[in-house]
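Observations on the model geometry
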Amino acid sequence: MEYRLLGATGIRVSRLCLGALTISPLQRDLPVDEGAQVILRALELGVNFIDTSQFYRAYPPIARALRECAKRDEVVIASKSYAYDGRGMEAALTEALRELGRDYIDVFMLHEQESMLTIRGHWEAVEYLLKAKARGLVRAVGISTHTVRAVRAAALVPELDVISPLINYTGIGITDGSKDDMEAAIRFAATCGKGMYSMKPFGGGHLMDHIDKALGYLLGMDDLASIAIGMKTKAEVEMNVRLVGGLEVPDDLRKATTSIPRRLHIDDWCIGCGNCVERCPSKAMMIRNGKAVSDPARCVFCGYCGAHCSEFAIKVI
Ligand code: SF4
Ligand code: SF4
């Protein structure tokens with residue numbers, strides 16, 4: 001496994017980052033022990049970087065895996081929160097520290113920023129994180145985003161150390177531009193000294209038939225210290241470790257990992273409230289004839305909409 005420094009943070013991360021959204025209740029909802037086993041397999045194979053969020057509710061399997069991992073002190077955790085003020089961010093960080101059983105979180109970020117305006121709107125939360133950083137509770141502060149605009153904005157904010165942008169070779173999921181626009185923004189942010197790690201390399205499942213091309217594209221981007229991939233089985237971990245390491249993937253392993261199609265299921269009992277439409281970062285959800293309908297060409301199967309459905313009518317399956 002190759003390791004790189006995450007910008008100027010001094011934090012050394014594996015080129016492959018385990019994205020915990022996939023095992024979380026928002027997606028596959030694995031039992032804690034099963035999720036922990038997936039994470040442990042990744043740690044055994046040299047992955048030292050885990051991406052999660054307060055919103056994913058995935059701290060329990062990560063904590064379980066850390067307890068069982070002899071090298072737990074070398075594991076780098078990045079988490080994030082939608083909190084916009086100091087009190088909310090303090091609660092989010094306290095929860096992460098308590099649930100993960102850690103004295104500090106390596107990277108703590110504002111979740112899903114859209115522009116300089118939203119970053120400014122969350123500035124109290126950033127100020128809290130800066131104080132936490134000064135006390136050693138956080139090592140680096142950053143944002144995650146699906147927009148080109150926010151990458152360019154965060155690049156110019158000296159207080160932000162890390163940016164986690166969405167990028168893949170088709171650009172699916174980027175809400176305000178093409179993959180070329182995002183690539184240029186990532187290059188710009190890296191020249192500003194930001195630590196960069198990407199998400200959604202396979203477009204939430206759309207590019208699973210082209211994983212070599214999809215990963216090859218990102219591995220060719222030197223400005224990305226790491227690539228976060230959602231993994232929900234040990235076979236997926238083993239395949240991605242091999243791919244990132246430039247090793248052949250045996251056919252049976254490839255079949256076991258790429259033959260699981262994903263889709264968004266919306267139950268008949270949807271009441272058409274529109275909460276999911278507002279929450280969809282990919283603008284893939286709409287209301288038609290009083291019911292929610294998703295556009296399969298835009299949906300990246302993140303499951304965020306389901307977490308905001310009071311009727312529990314949405315599932316990623
Ligand atoms: S949030 Fe749930 S109930 Fe509301 S429109 Fe979406 S699917 Fe329907
Ligand atoms: S429709 Fe739901 S699962 Fe699909 S991209 Fe939007 S929020 Fe994510």
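Residue positions are counted from 1 within each chain, in the order its sequence is given. Chains and ligands are labelled by the order in which they are written, letters from A for the one and numbers from 1 for the other. It should be noted that, the model being predicted, local features are given only for residues of pLDDT at least 70 and side-chain atom pairs only at 80 or more, the latter also being counted only at that level, while totals for whole chains, interfaces and linings use all residues.

Considering the domain arrangement of the protein
These domain limits were set by an automatic method or by a database of domain assignments. Domain annotation for the protein reports domain 1 (3-258) and domain 2 (264-316). For domain 1 versus domain 2, the distance between C-alpha centres works out to 24 Å. Taken residue by residue, the interface counts 13 residues in domain 1 and 12 residues in domain 2. Residue classes follow a fixed rule: Ala, Val, Leu, Ile, Met, Phe, Trp, Tyr, Cys and Pro count as nonpolar, while Asp, Glu, Lys and Arg count as charged, and any other residue, Gly among them, counts as polar. Here the residues of the side of domain 1 that touches domain 2 sort into 4 nonpolar, 7 polar and 2 charged. It is the C-beta atoms, placed from the backbone, that decide contacts: two residues are in contact if theirs lie within 7 Å.

Observations concerning the environment of Gly-303
Helix and strand definitions here come from DSSP, where helices need a minimum of 4 consecutive H or I residues and strands a minimum of 2 consecutive E residues; each element is numbered from the N-terminal end. Topologically, Gly-303 is positioned in the loop between β13 (291-294) and α12 (304-307). The spatial distance from the C-alpha of Gly-303 to the C-alpha of Val-107 is 23 Å, given a sequence separation of 196 residues. Excluding residues that lie within four positions of it along the chain, Gly-303 makes contacts with Leu-26, Gln-27 and Val-316.

A short note on helix α3 (residues 86-100)
Given the number of residues in a helix, its expected span is that number minus one, multiplied by 1.5 Å. For α3, spanning 15 residues, the distance from its first C-alpha to its last is 21 Å, which sits close to the expected 21 Å at 1.5 Å a residue. Along α3, the residues that are buried comprise Met-89, Ala-92, Leu-93, Ala-96 and Leu-100. Along the axis of α3, the buried positions cluster into a sector of 90°, meaning they face one direction only. Opposite the buried face of α3, at more than 90 degrees from it, the exposed residues are Arg-87, Thr-94 and Arg-98. Looking at the buried side of α3, the elements it contacts are α2 (59-68), β5 (76-81), β6 (105-113), α5 (123-134) and β7 (138-145). After α3 finishes, the residue Gly-101 shows a positive phi value of roughly 65°. Partly exposed residues are those falling between the two cut-offs: more than 12 but fewer than 20 other C-beta atoms within 10 Å of their own, whereas 20 or more means buried and 12 or fewer means exposed, with C-beta atoms placed from the backbone. This arc corresponds to the set of directions leading from the helix axis out to the C-beta atoms.

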